[in-house]
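Close look at the chain arrangement
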Amino acid sequence: MHKVYHRIEDIAGNVIIVRAAGVKYRELAEVASRRGVSLAQVIRLEGDHVSLQVFAGARGVATDARVRFLGHTMRVPFSDALLGRVFTGSAQPRDRGPALSENMIEIGGPPVNPSKRIIPRNMIRTGIPMIDVFNTLVESQKLPIFAPAGQPYNQLLARIALQAEVDVIVLGGMGLKHDDYLFFRDTLEEQGAMIRSVLFVHTAADPVVECLLVPDVSLAVAEQFALAGKRVLVLLSDMTNFADAMKEIAITMEQIPSNRGYPGDLYSQLAARYEKAVDFDTAGSITVLAVTTMPGDDDTHPVPDNTGYITEGQFYLRDGVIDPFRSLSRLKQQVNGDTRADHRTIMNTLIQLYAGYRESLEKQAMGFRMSEWDAKLLKYGRRFDRELMDLSVNIPLEKALDLGWEILADCFEPMETGVHTRLIERFWPNSAKRSMESDKSDASDPSDNASPPTPET
Amino acid sequence: MSDATGTIAGVNGSILTVSFTGAVGQNEVAYALVDGVRLMCEVMRVRGNQADLQVFEDTTGLAVGAPVEFSGELLSVELGPGLLGQIYDGLQNPLPRLAEQCGFFLQRGTYLEALPRDAKWHFTPAVKPGDAVTAGETLGKVPEGIFDHHIMAPFNLEGVWTVERVAEAGEYRVTDAVARLKNAQGLTREAAMLQRWPVKIPIQAFAERLRPADPLVTQVRVIDTFFPVAIGGTYCIPGPFGAGKTVLQQITSRYADADIVIIAACGERAGEVVETLREFPKLTDPRTGKTLIDRTVIICNTSSMPVAAREASVYTAMTIAGYYRQMGRNVLLLADSTSRWAQALRETSGRLDEIPGEEAFPAYLESVVASFYERAGVVRLKDGRRASVTVGGTVSPAGGNFDEPVTQATLKVVGAFHGLSRARSDARRYPAIDPLDSWSKYASVVDAADVAMARELLHQGAEIAQMMKVVGEEGTSMEDFVVYLKAEYLDAVYLQQDAYDPVDSATSAERQRHVFGALAGILRAALRFTEKEQARHFMHGLTQITKDWNRIAMDAPEFRATEERIRRTVAEATGRA
């Protein structure tokens, strides 16, 4: 079984080819070379030619390296001892703790039977109005954060992780800058969250093949916690690095690229990971939040594009705020009907008016005369920017909804909002209701204490 | 069974290279053995004594030298009573029963019978000994939920056969023979309720194909009024992610005027299937009073399930649709998303080292897509009844760009195009079907002249909106400004539809004719205003009342009252000097 082979035929990139018999597809092997011992995985069989992807990279591997097949696929240890620990992509300790070898589980297990899934029903509260009000995060959701490089996506990820009520946090870092890794670790430690976290970190300096393992390892561990009844939040950063690592291997293997060099199975590969997000009928759940940086701030780039088709929505992080138009939580309808009667209406109305505000801004920039309506929109938009959209705002959902009504009443007449008459009667702040009843044609602003912005000509 | 045997010579992702002896056919089903489990495969290519097979399962653990068994048969599905309400994977494995057996996860190599063998059905013969039958003609009927399920003579019968024996009325299992047929050459055949049919071959046991003419009411206003779908027609919904393709498909699966709906969830999110799967048993079908699941078959091969089975899933769905058409039903097949199927073809093609076409899709993409959609259609059955399969497929173009190969291949063969626009969905104008780019070759449920007028108005409105961005409101004439406002009004109160409002979510054809007739009057009316602010104010008010109107049931007393209010409001503006 554990016969040693030491005739390497080919070395290209991080892939070596060795002649061997009885080898199984995706089996692991140990490659011992002058540089040390590394794990490797079988990625193609052609007669007795076995292609292996070397986790530590093939650099320094010589044609006389010794290859020993292990007879099993990639595994990780699973137990509560993982909590508070940091590992590499191939599940070796990255902190000073001991290596774990008990209760080994296989990674990349089979998909969940769709008939055993349930409809997600629990909101995850984040205290961020742009999420809670407009694009509610839901337990078991898979959601990427699309961001151009340089945006504070890791900070956003960390903040959501700390504020969300979950039992276990699994962080998978792919191609992380070392400072970002330390940022995550320190933030989790400072907030006392490290004891319920496990980190699998591949930094930009580590071998690229290990990057490929991070999502599978993280999700396999998350799955075990979820099966044990835990609500697990998986944070992945950054999936674009993962896709680039796949591209690198695919090109080395001379696969025909489909789009900008990425392999044709990019969609399936990403989906296999994201679809691990689940709410088990009689056990826990997995929620996945994944950063996907957009090269050139372009969401038609193959990685964000394919991701968008897989995930249940996306958060766009631009100019330091969550973009209200492009961002979407597909699962919000599952939960925002049960929060408060006005949640959906406020969500839609505020966004539609905010779209109007953006148009007015454009008109203003081009130097057109501002109508009365434009003036109202401008006033509204500025309050929206400052009091709801700014990422530093941290208020519970109900407060945010009340604030929404207050801003509406401050800027518009009820009729101009297009809100259903029934809701206006119930939620519109009182002062404004009176003015509506007394004189409908009175165009003056309902709350006179805030002076309307002067329209610019 | 086949006498061919083989052994694995290579493994590359989901593709096996197999050395074989004996006769092996293209698209034949084979099984690869690993750890005592048999993994289903399909022959993709034969070269000398080596064949390339795509495996419908995860290939981890397969080794060179492992045995491969050939079945001698094409990939087939089981057809018979008991299909309705089922949830299958792409290979027609019943997922709920698989879950009973394997728990939370899908275990590879577990294949169950699609139709339960122990269930008994009450068979009533429709023929008697001595009757002549041909392929697809009814031998008898069994009640299946809300329908009479016809038991038909095998679809692969050639020529005229005589009924030699037919079972008496009574309870039978699907595999019990219910008739014995004999042909002029003296051959006899037993016919059971269950028959098997290869998925990639259309069932064509009907008299002739007809032209789709009648509209299929989906109760989505922008579709039925502006971009209608015909019974037996085809349509596609391309759109970038987040534009609402799947929600639109879900709405259609609920409200569309079809006897049976087949949902093929191909390579998309599992969560979306779950919604259908958990909610349909609770929702009432207004047409029958039974639950929606009673008229639905779900084929789901979601994105994390094996890629090779994606292709099988759309064909499985199409074959079941064709089967119910054969017994006289109007079937609607919704495929979401055909792009994932095309990508599966691309993955397989790439691993077979075929020379790639545009964006690495295989060169045969267009012909595969075309022949799939061509399996839709209205037919006249041999007994004169009409039946149909209508196909609606979503397309997920890379980067939301409709110029990509899958969208273009699809547009060539469909009768209606519902293009979803990112701009509309960003502005939360749902359904986000672009009213300017979309088209349909079928007839609308409302008056054609009114539709032409409204489309013209929408075009003008869009042009004026563009112009206003350059010259501003002050540079726009009052006349143009009113056209712009009217277009916005039409958009807000008619094109947009609130999927979450119990009344507004579905608009019957009758209501569409009534409401659109009223709106056409308003759009044609000469509205007079002195100031733009006054015009905007007026239209805001009118929009508000009309939206309220949309949320009132047509038989409620407020319906007429609100209509009257709208009429009076408009009269105010037309009477103004």
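Residues numbered from 1 in each chain as written. Chains lettered and ligands numbered in written order. Predicted model: local features only at pLDDT ≥ 70, side-chain atom pairs only at ≥ 80, totals over all residues. Heavy atoms only, no water.

**Quick notes on the packing of helix H10 (residues 448-471) of chain B against helix H11 (residues 478-495) of chain B**
Residues and elements named next belong to chain B. This is how the line gets drawn: Between N-to-C directions, angles span 0 to 180 degrees; the directions come from axes that are lines fitted to C-alpha atoms, helices contributing only their stretch in contact. In DSSP terms, a helix is any run of H or I states spanning at least four residues, a strand is any run of E spanning at least two, and both are numbered starting from the N terminus. Roughly parallel here means an angle under 35 degrees, roughly antiparallel means over 145, roughly perpendicular means 65 to 115, and every remaining angle is called oblique. If you view the pair so one helix is near and one far, a crossing is left-handed when the near helix is turned anticlockwise from the far one by less than a right angle, and right-handed when it is turned clockwise. When checking whether two residues touch, look at their non-hydrogen atoms; a contact exists if any pair is within 4.5 Å. When residues are sorted by character, Ala, Val, Leu, Ile, Met, Phe, Trp, Tyr, Cys and Pro go into the nonpolar class, Asp, Glu, Lys and Arg into the charged class, and all the rest, Gly among them, into the polar class.
It is the contact of H10 with H11, at a shortest axis distance of 8 Å, that shows an interaxial angle of 120 degrees. As judged from the angle between their axes, H10 and H11 are oblique. The hand of the H10/H11 crossing is left-handed. Of H11, the residues touching H10 (which contributes Ala-454, Leu-457, Leu-458, Gln-460, Gly-461, Ile-464, Ala-465, Met-467 and Met-468) are Asp-480, Phe-481, Val-483, Tyr-484, Lys-486, Ala-487, Leu-490 and Leu-495. Residues that form the contact of H10 with H11 fall into these classes: 13 nonpolar, two polar and two charged.

**Considering the sheet that holds strand S13 (residues 161-166) of chain B**
Residues and elements named next belong to chain B. How we decide: The pairing criterion for strands is at least two bridges between them, as found by DSSP.
Spatially, four strands are ordered S10-S13-S15-S16 in an open sheet, and the strand pairing comes out antiparallel. Two strands lie at the open edges of the sheet, namely strand S10 (132-133) and strand S16 (188-192), each paired on one side alone. Judged from the five bridges that link them, strand S15 (residues 177-183) and S16 form a sheet pairing that is antiparallel. Across the sheet, the residue bridging to Leu-181 is Arg-189, located in S16.

**Overview of the sheet that holds strand S11 (residues 138-144) of chain B**
Residues and elements named next belong to chain B. Within the open sheet, the four strands sit side by side as S12-S11-S9-S14. Their pairing is antiparallel. Edge positions in the sheet fall to strand S12 (147-152) and strand S14 (170-173), since each of these pairs with one other strand and no more. Between one strand axis and the next, the sheet turns by 45 degrees as a mean value, whatever way the strands run. Where strand S9 (residues 120-125) meets S14, four bridges bridge the pair, whose relative direction is antiparallel. When the sheet's bridge partners are listed, His-122 is paired in S14 with Glu-171. Packed onto the sheet, helix H5 (residues 308-326) meets S11 and S12 and runs at close to 95 degrees relative to S12.

**So, the environment of Gln-50 of chain B**
All names here are of chain B. Keep this limit in mind: Only protein chains enter the calculation, and the probe is 1.4 Å; a residue is then buried if its accessible area is under 20% of its type maximum, exposed if over 50%, and partly exposed in between. In the analysis that follows, any N or O atom pair within 3.5 Å is treated as a polar contact, provided that within protein one partner can donate a hydrogen and the other can accept it, and provided that, for residues neighboring in sequence, both atoms belong to side chains.
Note that Gln-50 resides in strand S5 (residues 50-55). Assessed through its relative accessible area of 31%, Gln-50 is described here as partly exposed. Setting aside residues up to four positions removed in sequence, Gln-50 forms contacts with Ala-9, Thr-17, Val-18, Ser-19, Phe-20 and Arg-45. Reaching out from Gln-50, the side chain makes a polar contact with the side chain of Ser-19 at a distance of 3.2 Å.

**Some thoughts on the domain arrangement of chain A**
How big an interface is tends to be expressed through the accessible area that disappears when the partners come together. Residue and element names in this part refer to chain A. Here is the rule we go by: Boundaries between domains were set according to an automatic or database domain assignment. In short, buried area is how much 1.4 Å probe accessible area vanishes from two parts on joining, totalled over both. When a carboxyl oxygen of Asp or Glu is within 4 Å of a side-chain nitrogen of Lys or Arg, the pair counts as a salt bridge.
Segmentation of chain A into domains returns domain 1 (4-73), domain 2 (76-335) and domain 3 (343-438). For domain 1 and domain 2, the distance between their C-alpha centres works out to 29 Å. Every contact between the two is made by 13 residues of domain 1 and, on the other side, 12 residues of domain 2. Interface area lost by domain 1 to domain 2 is led by Asn-14, Gln-53 and Phe-55, which between them contribute 45%. For the interface between domain 1 and domain 2, the tally reads zero salt bridges. The interface formed by domain 1 and domain 2 includes one residue pair in polar contact (both at pLDDT 80 or more). Of all the secondary structure elements, the ones that give two or more residues to the side of domain 1 that touches domain 2 are strand S5 (36-46) and strand S6 (49-54).

**A look at the interface of chain A and chain B**
Contact residues are listed per partner, giving 77 residues for chain A and 80 residues for chain B. Here chain A and chain B share an interface that buries about 6600 Å² over both sides, 53% of which is from carbon and sulfur atoms. When the buried surface of chain A facing chain B is broken down by residue, Tyr-25, Pro-114 and Tyr-309 of chain A rank first, second and third, together holding 11% of it. The tally of links from chain A across to chain B stands at four salt bridges. On the surface where chain A and chain B come into contact, there are 35 residue pairs in polar contact (both at pLDDT 80 or more). In terms of residue count, helix H7 (residues 302-310) of chain A provides more of the side of chain A that touches chain B than any other element does, six residues in total. Split by residue class, the side of chain A that touches chain B holds 30 nonpolar, 24 polar and 23 charged. Sheet topology note: the S5 of chain A/strand S1 (residues 5-12) of chain B ladder contains two bridges and is antiparallel. Following the sheet pairing, Leu-45 of chain A is matched in S1 of chain B by Val-11 of chain B.

**Section: the pairing of strand S24 (residues 330-336) of chain B**
Residues and elements named next belong to chain B. Within S24, six of the seven residues are buried, which leaves it mostly tucked inside the rest of the structure. Two strands pair when backbone bridges link them, and strand S22 (residues 260-266) and S24 are joined in this way by six bridges, in the parallel orientation. Its bridge partner lying in S24, Val-261 is registered against Leu-332. Alignment of S24 against strand S26 (residues 386-395), held across six bridges, turns out to be parallel. Opposite Leu-332, over in S26, you have Thr-390 as the bridge partner.

**Focus: the domain arrangement of chain B**
Residue and element names in this part refer to chain B. Taken domain by domain, chain B comprises domain 1 (5-75), domain 2 (120-193), domain 3 (210-440) and domain 4 (448-575). In this complex, domain 2 contributes 13 residues to the contact, which on the side of domain 3 involves 13 residues. Contact between domain 2 and domain 3 buries roughly 1100 Å² in total, counting both sides, with carbon and sulfur atoms accounting for 62%. On the surface where domain 2 and domain 3 come into contact, there are zero salt bridges. Run the count over domain 2 and domain 3 and you get five residue pairs in polar contact (both at pLDDT 80 or more).

**Description of unusual backbone geometry**
In this structure, the amide linkage connecting Ser-237 of chain A to the following residue, Asp-238 of chain A, adopts the cis form with an omega of 15 degrees. Of note, Asp-238 of chain A is situated in the loop between strand S16 (231-237) and helix H5 (239-252). Cis rather than trans, the peptide bond between Tyr-430 of chain B and Pro-431 of chain B has omega equal to -10 degrees. The backbone of Ala-91 of chain A shows a phi angle near 65 degrees, a positive value even though the residue is not glycine. The topology assignment puts Ala-91 of chain A in the loop between strand S9 (86-87) and strand S10 (104-106). Judged by relative accessible area, which is 8%, Ala-91 of chain A ranks as buried. In this model, Arg-260 of chain A sits at a positive phi of 50 degrees, which is unusual for a non-glycine residue. Inspection of the secondary structure assignment puts Arg-260 of chain A in the loop between strand S17 (257-259) and strand S18 (262-263). On the basis of relative accessibility, which here comes to 49%, the residue Arg-260 of chain A falls in the partly exposed class.

**Thoughts on helix H14 (residues 557-575) of chain B**
Residues and elements named next belong to chain B. In plain terms, the rule: To estimate how far a helix should reach, multiply one less than its number of residues by 1.5 Å. This arc is built from the directions going out from the helix axis to the C-beta atoms.
Compared with an ideal rise of 1.5 Å per residue, which puts 19 residues at 27 Å, H14 spans 28 Å between its outermost C-alpha atoms and is within 8% of the ideal. Among the residues of H14, those classed as buried are Phe-559, Thr-562, Glu-563, Ile-566, Thr-569, Val-570 and Ala-573. Along the long axis of H14, the arc covered by the buried residues comes to 125 degrees, so they all point the same way. Across H14 from its buried face, at more than 90 degrees, point the exposed residues Pro-557, Arg-560, Glu-572 and Gly-575. The inward-facing, buried residues of H14 contact helix H12 (509-524) and helix H13 (532-550).

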